[in-house]
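Here is what each chain is made of, one letter per residue.
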Amino acid sequence: MSGVEVNPGRPEIGPYTVLFGIGNCGRSDDGLGWAFLDAIQKMPGFCGRAEYRYQLQVEDALLASRAKNVVFIDSSRSPLSTGFEIRACLPAKDFEFTTHVLPPRAVLHYCQDLYAKTPPATIVGIQGYSWELQTGLSDQAAINLARALAFFADPKAWVSI
């Protein structure tokens, strides 16, 4: 992907930040986005807005357009050396629109196209391993979640992971 910076640093999370946790906690590690939101909201000083989504919708563009920063958190099937990655998300209209899948870059495209706003956005991908119909994270996914949360709790944690 050209124009995408991998691990650009910790995104700013403040009172005008919207965090979209994407997934399904009934499908094991697919629930990593929701588990991230559950945990980060308990961190001292958290003041962003947490939004739980099974999938992103066109309507999410309105909410994102009103934010100062947007963070999309989702599970990843890709192998990630530290168990998670952070990458910049840029608007793009090169996506297939279906009723089941709308990628974060499409939400930003609609922000730009419908509301003339393009908030800075970041994707946090957390590596998962199990996708079966069951609740609870796999042991390794739980470790990756803890690593991602440590990074958000302490930006210096990135070098020790």
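The structure presented is a predicted model; accordingly, all values stated were derived computationally and were not measured.

Peer 1: Teacher, can you tell me more about the overall build of the protein chain here?
Peer 2: Secondary structure assignment for the protein chain yields five helices and five strands. Listed by position from the N terminus, the elements making up the protein chain come as β-α-β-α-β-β-α-β-α-α. Going through the 161 residues of the protein chain one by one, you find that 47% of them count as buried. Considering only contacts in the protein chain between residues 6 or more positions apart, those separated by 24 or more positions represent 74%. Of the roughly 8,500 Å² of accessible surface on the protein chain, 52% is carried by carbon and sulfur atoms.

Peer 1: Help me understand the pairing of strand 2 (residues 49–53) in this model?
Peer 2: Successive residues of a regular strand alternate their side chains across the two faces of the sheet. Bridge count between strand 1 (residues 17–22) and strand 2: five bridges; the pairing is parallel. Residue Val18 lies in a different strand from strand 2, and its bridge partner there is Arg49. Remark: the strand 1/helix 1 (residues 32–40)/strand 2 crossover connection has right-handed handedness.

Peer 1: Looking at this model, I keep getting lost on helix 1. Mind explaining?
Peer 2: Because each turn of an α-helix spans 3.6 residues, side chains separated by three or four positions end up pointing in the same direction. Burial analysis of helix 1 places seven of its nine residues in the buried class, the great majority of the element. Buried within helix 1 are the following residues: Leu32, Gly33, Trp34, Ala35, Phe36, Leu37 and Ile40. The inward-facing, buried residues of helix 1 contact strand 1, strand 2, strand 3 (69–76), strand 5 (121–127) and helix 4 (139–153).

Peer 1: Can you help me understand the sheet that holds strand 5 in this one?
Peer 2: Note: strands within a sheet are paired through backbone hydrogen bonds, in either parallel or antiparallel orientation. Here five strands make up an open sheet; going across it, the order is 2-1-3-5-4 and the pairing mixed. With partners counted over all chains shown, the strands left at the sheet margins are strand 2 and strand 4 (84–89), one partner each. This sheet shows a mean twist of 20° between the axes of neighbouring strands, independent of strand direction. Seen against the sheet, helix 1 touches strand 1, strand 2, strand 3 and strand 5 and runs at an angle of roughly 140° to strand 1.

Peer 1: I would appreciate a short explanation of the confidence of the model for the protein chain in the present structure.
Peer 2: Detailed conclusions should not be drawn from predicted coordinates in areas where pLDDT is low. In the predicted model, the protein chain carries a mean pLDDT of 88, and the fraction of residues at 70 or more is 86%. The low-confidence segment residues 1–5, where pLDDT is below 50, has seven contacts with residues more than four positions distant or belonging to other chains.

Peer 1: Help me understand the packing of aromatic side chains, please; the structure alone is not making it clear to me.
Peer 2: To describe a pair of aromatic rings, you give the distance between the ring centres and the angle between the ring planes. In this structure the tally under the stated criterion is six aromatic pairs. With a centroid separation of 5.4 Å and an interplanar angle of 15°, the aromatic rings of Phe20 and Phe72 are classed as stacked. Within this pair, whereas Phe20 is found in strand 1, its partner Phe72 is found in strand 3, the two being separated by 52 residues in sequence. The same class applies to Phe20 as to Phe72, namely buried. Taking 5.8 Å as the distance between ring centres and 80° as the angle between the ring planes, the aromatic pair formed by Trp34 and Tyr52 counts as edge-to-face. Of this pair, Trp34 sits in helix 1 while Tyr52 sits in strand 2, and the two are 18 residues apart along the sequence. Using a relative accessible area of 13% as the deciding quantity, one classes Trp34 as buried.

Criteria and thresholds
Residues numbered from 1 in each chain as written. Predicted model: local features only at pLDDT ≥ 70, side-chain atom pairs only at ≥ 80, totals over all residues. Heavy atoms only, no water. Helix = DSSP H or I, 4+ residues; strand = E, 2+ residues; numbered from the N terminus. Buried < 20%, exposed > 50% of the residue type's maximum accessible area, 1.4 Å probe, protein only. Contact = heavy atoms within 4.5 Å. Areas by Shrake-Rupley, 256 points an atom, 1.4 Å probe, with all protein chains shown as cover. Pairing = 2+ DSSP bridges. Right-handed = clockwise from strand over helix to strand, strands pointing away. Axes fitted to C-alpha atoms, helices over the stretch in contact; angles between N-to-C directions. pLDDT = per-residue confidence, 0-100. Phe/Tyr/Trp six-rings, centres within 6.5 Å; stacked < 30°, edge-to-face > 60°.

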